Amino acid sequence: MAKKGDTLVVRVQNNLTEPTMVHWHGIRLPANMDGTGEVQKPILPGESFEYHFIVPDAGTFWYHSHQNETVQMERGMYGGIVIEDETDPVMDNERVLVLDDMKLTSNNEFKQHGPVGQWIERHDGREGSTNLVNGKEALTLHMHAGQSERWRIVNAASARYFKLSLDGKPFKIIATDGGLLEYARTETELLITPGERFDIVVGPFEEREVFSINSLPYNRVTMLKAKLQKYATVHVMERKESIAALPGKLTEIKSLAPQDAEVNRKVKLSVDPSLKRIIDFRVNNKMHGMDKPVMVGDLQVWEVSNTSLMDHPFHLHGFFFQILEENGKAPEYKAWKDTYNLKPRSTIKIAWMPDNRPGKWMYHCHIIEHHAAGMMANFEVINPLNPVTEKQESFHGCHI
Ligand code: C2O
Ligand code: CU
């Protein structure tokens, strides 16, 4: 937990037997702190690395391994980060719920697959039936009747689409990836795809109410079909006074561009037949490709399309974007996003502003197995007046 504007200093000590790196998902930090192979050397076993950066935005963020992710993230190398601000609405209580599912053997060990299982996992992404909230299975939460709580939800799963339901009870969505929405939205279901965050307000409830935190089946066109998954149980205890207050307007979100802004880049996510691997996961027809650079201060209007028959959550590192349209229609509400689900055969138009944080960045599908299979690209943000030199790059972080 930190306050908006704080400097976070995190020393990562690698006690694994393999290299690692840490990515700070959603935080607008300098490129050299982004924790990807393009901007730092992996932290070798026995080594440590100190990340330090300012956290400029309030909201719910998370960190995770960005090396051998299909194993390291699945084994739990992630955590939530809360950045607070005085403008946050007052609630009776706050919780961070980091969701994950693991596929384990009957001895609760990481399940390795044979070739067919591996192939399905590459196609679908890895899902399991050990459902975890903050690393715990079958969690029970207690809250007081009459109170309202802010739940900050992070989907840290490799591939599970979490369609939140509290046994049909309504809740209010107040924030997403990049912080507060302008207005709360009342819903009974909410799709949270891998990498996304949503903050919701739950309650007030009556004494002795009991309900589950479930993920409803969502058909993202996988080979294995989705089922309802239970994650946790909530027990409502004795009544307590409430000080919670949700203002009518939570914040102001200025539009970056009009809906009809001219597209200056196309990004195509596709799943294509392949001679070697049956199918390939690609961006603009390349696996692990390099996209064109962008200039600091040049508004980016990207058309991101998914030509495949399955869903992909698109994640842009280091910058928030706004959805200008989805399949030609303006979105229902304004929000700052860094991860957004692309349904099969769909197209979104997004706008984002490369502020003065030059360096190498990336975007990718946040189904970790698709990312690993190649559905990603790197690109550079260039400041023509002040190009980043190698020296400056190595100045900020330090291998210890
Ligand atoms: Cu959470 Cu490269 O992503
Ligand atoms: Cu994908």
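It should be emphasised that the depicted structure is a prediction, and the values quoted were computed from it without experimental measurement.

Caption draft 1: Region of interest: the overall build of the chain. Within the chain one finds four helices and 30 strands. Counting only C-alpha atoms and orienting by the principal axes, one finds that the chain spans roughly 60 × 50 × 50 Å. Split into buried and exposed, the 400 residues of the chain put 54% on the buried side. In the chain, 77% of the contacts between residues at least 6 apart in sequence involve partners at least 24 apart.

Caption draft 2: Examining the coordination of the copper ion (ligand 2) more closely. Coordination sphere of the copper ion (ligand 2), protein contribution only: H312 (ND1), C365 (SG) and H370 (ND1), at 2.0 to 2.1 Å. In primary-sequence terms, the residues that donate to the copper ion (ligand 2) follow H-x52-C-x4-H. Per residue, the accessibility class of C365 equals that of H370, and both read buried.

Caption draft 3: Region of the structure containing the packing of aromatic side chains. All chains considered together, the criterion is met by 18 aromatic pairs. With centroids separated by 5.7 Å and ring planes inclined at 75°, the aromatic side chains of W302 and F379 adopt a geometry described as edge-to-face. In this pair, W302 is assigned in strand β23 (residues 300–306) and F379 in strand β29 (residues 376–382), connecting sequence segments 77 residues apart. In this pair, the class of W302 matches that of F379, namely buried. Ring geometry for F314 versus Y363: centroids 5.5 Å apart, planes at 40°, classification tilted. With F314 in strand β24 (residues 312–316) and Y363 in strand β28 (residues 359–365), the pair connects residues that are 49 residues apart, well separated along the chain. Each of the two residues, F314 as well as Y363, counts as buried. Over the ring of F110 we find R126, and its NZ or CZ is 4.2 Å from the ring centre. Looking at R357, its charged tip hangs above the ring of F319, at a distance of 4.4 Å from the centre.

Caption draft 4: Representation of helix α2 (residues 115–124). Listed in full, the buried residues belonging to α2 are E121, R122, H123 and D124. On the buried face of α2, the contacting elements are β20 (278–283) and α3 (368–373). Following α2 by one or two positions, G125 adopts a phi angle in the positive range, close to 85°.

Caption draft 5: Fine view of the pairing of β20. Direction of pairing for strand β19 (residues 265–274) relative to β20: antiparallel, over a ladder of six bridges. Residue pairing for β20: L269 is matched across the bridge by V283.

Caption draft 6: Representation of the pattern of salt bridges. Taken as a whole and assessed by the stated rule, the structure comprises 29 salt bridges. Between D177 and K337 there is a salt bridge whose closest N-O contact spans 3.2 Å. Of the two residues, D177 sits in the loop between β13 (171–176) and β14 (179–187) while K337 sits in the loop between β25 (322–326) and β26 (339–342), which places them 160 residues apart along the sequence. Across the pair, K337 and D177 agree in class, each one buried. One network of salt bridges, in which partners are shared, links D88, E94, R150, R152 and D199.

Caption draft 7: Representation of unusual backbone geometry in the model. Going from G203 to P204, the amide bond is cis rather than trans, its omega being 0°. Within the secondary structure, P204 is located in the loop between β16 (197–202) and β17 (210–215). Residue N134 is not a glycine yet carries a positive backbone phi of 50°. Along the polypeptide, N134 turns up in the loop between β8 (130–133) and β9 (136–137). For N134, a relative accessible area of 39% gives the class partly exposed.

Caption draft 8: The sheet that holds β17, seen in detail. Sheet architecture is open: five strands sit in the order β10-β18-β17-β12-β15, paired in mixed fashion. The sheet is open, and its two borders are formed by β10 (139–145) and β15 (190–192), each paired with just one other strand. Put simply, the sheet's adjacent strands are angled 25° from each other on average, direction ignored. Both strand β12 (residues 162–165) and β17 contribute to a ladder of two bridges, which runs antiparallel.

Caption draft 9: Representation of the nonpolar core. Core analysis: the largest hydrophobic core is formed by 52 residues, its most contacted members being Y51, W302, F314 and W352. Those residues in contact with Y51 that sit more than four places away from it in its chain are L8, V9, V10, V12, M21, V22, W24, M33, G35, Q40 and I43.

Caption draft 10: Structural context of the sheet that holds β20. Pairing in this open sheet of five strands is mixed, and the strands run β20-β19-β23-β27-β25 from one edge to the other. Edge positions in the sheet fall to β20 and β25, since each has one partner strand and no second. Recorded for the sheet is a direction-independent mean angle of 20° between the axes of neighbouring strands. Looking at chain direction, β23 and strand β27 (residues 346–352) are connected through seven bridges and run antiparallel. Opposite V304, over in β27, you have I348 as the bridge partner.

Caption draft 11: Up close: the environment of D92. As for its placement among the helices and strands, D92 is situated in the loop between β6 (78–84) and β7 (93–102). Considering only alpha carbons, one finds D92 and E149, 57 residues apart in sequence, at a separation of 5.6 Å. Those residues within four positions of D92 in sequence are excluded, and the remaining contacts are Q147, S148, E241, S242, I243 and A244. For D92, the side chain forms a polar contact with the main-chain nitrogen of A244, separated by 3.4 Å.

Rules used throughout
Residues numbered from 1 in each chain as written. Chains lettered and ligands numbered in written order. Predicted model: local features only at pLDDT ≥ 70, side-chain atom pairs only at ≥ 80, totals over all residues. Heavy atoms only, no water. Helix = DSSP H or I, 4+ residues; strand = E, 2+ residues; numbered from the N terminus. Buried < 20%, exposed > 50% of the residue type's maximum accessible area, 1.4 Å probe, protein only. Contact = heavy atoms within 4.5 Å. Donors = N, O, S within 2.8 Å, 3.2 Å for Na, K, Ca; no water. Phe/Tyr/Trp six-rings, centres within 6.5 Å; stacked < 30°, edge-to-face > 60°. Lys NZ or Arg CZ within 6 Å of the ring centre and 35° of its normal. Pairing = 2+ DSSP bridges. Salt bridge = Lys/Arg side-chain N within 4 Å of Asp/Glu carboxyl O. Axes fitted to C-alpha atoms, helices over the stretch in contact; angles between N-to-C directions. Core = buried A, V, L, I, M, F, W, Y, C linked by side-chain atoms within 4.5 Å. Polar contact = N/O pair within 3.5 Å; in protein donor to acceptor, adjacent residues only side chain to side chain.

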